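Listed below, chain by chain, are the residues.
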Amino acid sequence: MASLRHRPAMPAEAQGEPLAGEPLAREPLARAPLAGAAPVAARPAAGRGLAAGLPYLAVSVCLFGGIWPVTKAALAEATPLWFAVNRAGLAALASALLLTLLRRLRWPERHDLVSIAGIGLLQLGAFFALTHLALEWVPAGRTAILANVTVFWLIPLSVWLLGDRVSRRQWLAVLVGLLGVLVLMRPWDLLGQGLGALPGYAMLLVASLCWSLAILVTRRFPPQRPVLELLPWCFAVGTALLLPLALWREPGGGIGPGAWPHAAFVGAVAAPIGTWATVEAGRRLSGIMASVGFLAVPALGVALSNLWLGERLGWDVLAGGLLIGASVLCAARG
């Protein structure tokens with residue numbers, strides 16, 4: 001019994017407790033695989049994330065690239081904020097009906113409320129309001145450009161807040177993409193507009209910041225349930241933000257009969273499916289790949305605006321689109 005009483009205590013490290021004075025020496029070893037994993041081990045995981053995110057990115061680009069000329073055409077018989085209210089409200093109803101048919105409509109869990117608030121307030125409410133109001137000052141093609149240039153905000157914020165690392169090739173992709181955006185913007189034409197269009201451009205830059213923050217929220221606090229099941233609640237939050245704003249700013253506004261086909265497509269199809277694809281792409285792709293990939297939205301938006309609305313089609317559209325396409329490929333290989 002004495003031998004049992006005087007038996008040496010189990011070493012602290014064997015009990016899972018750090019020895020005194022050791023945390024500084026042991027902590028970097030525990031975190032080393034995350035901070036500096038060998039390239040050979042990191043590539044398969046990155047490749048899986050890229051393969052999982054690109055299909056969602058493609059859906060997002062197709063729907064949101066095509067939504068701007070549709071919206072611009074609809075605003076001939078609709079006021080911007082009421083069109084945005086319809087977009088969010090109809091998307092909430094459509095997604096809720098779909099989930100009801102699938103028997104997947106449920107009340108949100110507590111741990112998903114942060115994601116719902118981030119998507120509903122930032123990506124849907126604030127983004128919808130700012131971009132629809134900006135169409136009063138800015139052509140549809142340029143609206144599609146600036147509203148989707150999250151690269152201004154998402155990359156520095158991802159590096160600062162989430163610790164993302166950006167390679168030299170990816171920085172090159174950013175520069176090439178921004179050059180394409182600059183060509184599409186045609187800044188030499190803006191000089192002749194004076195200061196009258198500045199409110200619209202400022203709204204679009206703030207809108208892209210709101211979208212970037214929503215992406216960061218869903219990456220930092222990923223939802224536990226599928227994003228599809230959260231869409232009705234996200235769009236309901238967005239509608240709750242937009243409705244009072246529309247009543248205040250556009251008390252006599254609304255949607256005319258000729259705009260309802262556009263409103264139905266945007267609200268019931270493009271908004272819910274496009275938002276779902278955008279959120280999933282933002283969660284699965286790195287900040288650099290998501291922000292550069294979303295630059296394809298304005299390229300498609302400008303091209304469709306030229307074809308549908310008769311906005312000028314020239315060398316700038318072709319050159320800008322090619323530069324943005326090259327930047328996406330460069331980022332994907334980075």
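All of these numbers come straight from a predicted model, not from anything done at the bench.

## Side note on the overall build of the protein chain
A count of helices and strands for the protein chain gives 15 helices and 0 strands. Classification of the 334 residues of the protein chain by burial places 45% in the buried group. Taking the contacts inside the protein chain whose residues are at least 6 apart along the sequence as the reference set, 92% of them involve residues at least 24 apart.

## Details of the pattern of salt bridges
Within this structure, the stated rule accounts for 5 salt bridges. For E229, the salt bridge goes to R104, with nearest N and O atoms at 3.0 Å. Taken together, the residues E229 in helix α11 (residues 227-249) and R104 in the loop between α4 (80-101) and α5 (113-134) connect sequence positions 125 residues apart. Residue class for R104 comes out partly exposed when judged on its relative accessible area of 25%. Across the pair E280 and R283 runs a salt bridge, and its minimum N-O distance is 3.0 Å.

## A word on the packing of aromatic side chains
Enumeration according to the criterion identifies 4 aromatic pairs in this entry. Ring centres of Y56 and W276 lie 5.3 Å apart, and the angle between their planes is 80°; this geometry places the pair in the edge-to-face category. Of the two residues, Y56 is situated in helix α3 (residues 39-74) and W276 in helix α12 (residues 260-284); the sequence distance between them amounts to 220 residues. Look at Y56 and you get partly exposed, because its relative accessible area is 21%. We classify W276 as partly exposed; its relative accessible area is 26%. Arranged with centres 5.5 Å apart and planes meeting at 70°, the rings of F127 and W211 form a pair that is edge-to-face. Of this pair, F127 sits in helix α5 while W211 sits in helix α10 (residues 198-220), placing them 84 residues apart in sequence. Assessed through its relative accessible area of 2%, W211 is described here as buried. Each residue in the set F127, W211 and F294 is aromatic and connected to the rest through ring pairs, giving one cluster. Above the ring of F128, the side-chain terminus of R87 is found at 3.9 Å from the ring centroid.

Scoring rules and cut-offs
- Residue numbering note: each chain is counted from 1, following its sequence as written.
- Local features are withheld for residues below a pLDDT of 70 in this predicted model, meaning they are given only at 70 or higher, and side-chain atom pairs are given and counted only at 80 or more; totals for whole chains, interfaces and linings count all residues.
- The basis for the side-chain values is all heavy atoms of the structure; hydrogens and waters are excluded.
- Secondary structure elements are defined from DSSP: runs of H or I of at least 4 residues count as helices, runs of E of at least 2 residues count as strands, and each element is numbered from the N terminus.
- Burial classification: accessible surface area is computed with a 1.4 Å probe over protein chains only, and a residue below 20% of its type maximum counts as buried, one above 50% as exposed, and the rest as partly exposed.
- Residues are treated as being in contact if the distance between any of their heavy atoms lies within 4.5 Å.
- Note on definitions: salt bridges are taken to be side-chain nitrogens of Lys or Arg within 4 Å of carboxyl oxygens of Asp or Glu.
- Two rings from Phe, Tyr or Trp (for Trp, the six-membered ring) form a pair when their centres sit within 6.5 Å of each other. Planes less than 30 degrees apart are called stacked, planes more than 60 degrees apart edge-to-face, and all others tilted.
- Counting as a charge over the ring demands two things of the Lys NZ or Arg CZ atom: a distance within 6 Å of the ring centre and an angle within 35 degrees of the ring normal.

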